[in-house]
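# Per-entry structural report
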Amino acid sequence: MPRVGVREVLVEAAVTEFHRHGYAACSVDTITKAAGVPKGSFYNHFASKEHLGAEVVARYAAGSAWWQEVDPGFSPLAQLRARFRAVVDMLSESQFTRGCLLGNMGTEVADRSDVIRTQVGTSLCQWSEDIVATLQAARAAGEIGAGSDVERLGPFLLDAFQGAIMHSKVVRNVEPLEDFLSVVFGTILR
């Protein structure tokens with residue numbers, strides 16, 4: 001097996017530590033200790049903790065449960081539901097103690113770091129674009145009305161989902177997320 005590089009080890013440790021404790025509560029020392037690498041090696045790979053934070057956001061977004069493969073035989077709306085369900089299931093596994101790292105970093109750091117804010121924005125935009133593309137396919141398949149404004153509906157659904165994730169984290173149960181799924185697929189997209 002190829003050996004994992006120090007940069008990769010630092011990013012993986014930071015994903016875990018930022019998700020567990022938050023960005024502000026993690027120092028470079030905390031991250032290098034969790035990664036098992038000397039603190040001095042951090043700066044060989046990252047200009048700052050802020051730049052590591054942006055890399056963490058990009059890595060988390062790319063590896064999100066949202067992007068896992070769904071059954072290609074599913075209709076567009078069934079695919080959309082399956083993707084939302086995959087994220088709900090992932091959050092349930094952590095017993096709603098961590099939330100979505102994109103939402104966490106966006107609310108904690110976006111007003112203090114343009115580098116991280118930009119990456120959170122890019123990652124949310126990619127997620128939103130995927131929702132819009134799926135809604136466009138659903139509209140073309142006749143699953144939703146031909147007049148549906150999917151370009152506005154897609155970002156709205158993501159924003160509502162992020163709010164439901166935050167609420168589930170606060171109450172530590174799945175109910176807000178189940179309510180989201182029920183309203184979206186039982187009312188809005190029916």
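Here, the structure is the one placed above.
Here the structure is a predicted model, which means the values were calculated and not measured. (Residues numbered from 1 in each chain as written. Predicted model: local features only at pLDDT ≥ 70, side-chain atom pairs only at ≥ 80, totals over all residues. Heavy atoms only, no water.)

The subject of this paragraph is the overall build of the protein chain. Looking only at helices and strands, one finds nine helices and zero strands in the protein chain. Sequence-ordered secondary structure for the protein chain, helices as α and strands as β, is α-α-α-α-α-α-α-α-α. A burial count over the protein chain gives 42% of its 190 residues as buried. Surface summary for the protein chain: the accessible area is close to 9,800 Å², and the carbon and sulfur share equals 52%. Each charge sign in the protein chain was given a centre, from 18 positive and 22 negative side chains, and these centres are 6 Å apart. (Helix = DSSP H or I, 4+ residues; strand = E, 2+ residues; numbered from the N terminus. Buried < 20%, exposed > 50% of the residue type's maximum accessible area, 1.4 Å probe, protein only. Areas by Shrake-Rupley, 256 points an atom, 1.4 Å probe, with all protein chains shown as cover. Lys, Arg positive; Asp, Glu negative; His and termini not counted. Charge placed at Lys NZ, Arg CZ, Asp CG, Glu CD.)

We now examine the side chain of Ser 41. As for its placement among the helices and strands, Ser 41 is situated in helix α3 (residues 39–45). Side-chain polar atoms of Ser 41 contact the backbone oxygen of Pro 38, separated by 2.6 Å. (Polar contact = N/O pair within 3.5 Å; in protein donor to acceptor, adjacent residues only side chain to side chain.)

The topology assignment puts Arg 59 in helix α4 (residues 49–62). Residues contacting Arg 59, with those up to four places away along its chain left out, are Glu 8, Val 11, Glu 12 and Val 15. Among the polar contacts made by the side chain of Arg 59, one reaches the side chain of Glu 12 at a distance of 3.3 Å. (Contact = heavy atoms within 4.5 Å.)

This part takes up the layout of surface pockets. Approximately 190 Å³ is the volume found for the largest pocket. Elements with a contribution of two residues or more to the lining of the largest pocket: α6 (101–109) and α8 (150–171). Looking at the lining of the largest pocket element by element, the count peaks at six residues for α8. Of the residues contributing to the lining of the largest pocket, the split by class is six nonpolar, five polar and two charged. (1 Å grid on protein atoms, 1.4 Å probe; cavity = no way out; pocket = protein on both sides within 12 Å on 5 of 7 lines; lining within 4 Å. Points joined across faces, edges and corners; volume = space filled by probe spheres on them. Nonpolar A, V, L, I, M, F, W, Y, C, P; charged D, E, K, R; others polar.)

Moving on, we come to the environment of Phe 84. Position of Phe 84 relative to the elements: it lies in helix α5 (residues 76–93). Each C-alpha atom, one on Phe 84 and one on Trp 66, is 6.8 Å from the other, the two residues being 18 residues apart in sequence. Setting aside chain neighbours within four positions, we find Phe 84 in contact with Trp 66, Ile 131, Leu 157, Phe 161, Phe 180, Leu 181 and Phe 185.

All right, on to empty space enclosed by the protein then. Under the criterion given, the structure shown has one cavity of 30 Å³ or more. Empty space within the largest cavity amounts to approximately 40 Å³. Lining the largest cavity are Tyr 60, Ser 64, Val 87, Met 90, Leu 91, Cys 100, Trp 127 and Ile 165. Looking at the lining of the largest cavity, its residues break down into seven nonpolar, one polar and no charged.

Time to look at the packing of helix α1 (residues 6–21) against α6. Two elements in contact, α1 and α6, have axes whose closest approach is 10 Å; the angle formed by their N-to-C orientations is 70°. Judged by the angle between their axes, α1 and α6 are roughly perpendicular. With respect to the hand of their crossing, α1 and α6 are arranged in left-handed fashion. Side by side, α1 and α6 meet where Val 15, Phe 18 and His 19 of the first sit next to Leu 101, Asn 104 and Met 105 of the second. Taken together, the residues that form the contact of α1 with α6 break down as four nonpolar, two polar and no charged. (Axes fitted to C-alpha atoms, helices over the stretch in contact; angles between N-to-C directions. Parallel < 35°, antiparallel > 145°, perpendicular 65-115°, else oblique. Left-handed = near helix turned anticlockwise from the far one by under 90°.)

Our focus in this paragraph is the pattern of salt bridges. The full count for this structure, using the stated rule, is eleven salt bridges. Between Arg 85 and Glu 178 there is a salt bridge, and its shortest N-O distance comes to 2.8 Å. In this pair, Arg 85 sits in helix α5 while Glu 178 sits in helix α9 (residues 175–188), placing the two residues 93 residues apart along the sequence. Since its relative accessible area comes to 30%, Glu 178 is described here as partly exposed. Each of Arg 7, Glu 8, Glu 12, Glu 55 and Arg 59 takes part in one network of salt bridges that share partners. (Salt bridge = Lys/Arg side-chain N within 4 Å of Asp/Glu carboxyl O.)

Our focus in this paragraph is the packing of aromatic side chains. If you walk through the whole model with that rule in mind, you get ten aromatic pairs. For the ring pair Trp 66 and Phe 84, a centre distance of 4.9 Å and an interplane angle of 75° mean the geometry is edge-to-face. Note that Trp 66 is positioned in the loop between α4 and α5 and Phe 84 in helix α5, a separation of 18 residues in sequence. Across the pair, exposure class does not vary: Trp 66 and Phe 84 are buried alike. (Phe/Tyr/Trp six-rings, centres within 6.5 Å; stacked < 30°, edge-to-face > 60°.)

The analysis is restricted to geometry; functional conclusions fall outside its scope.
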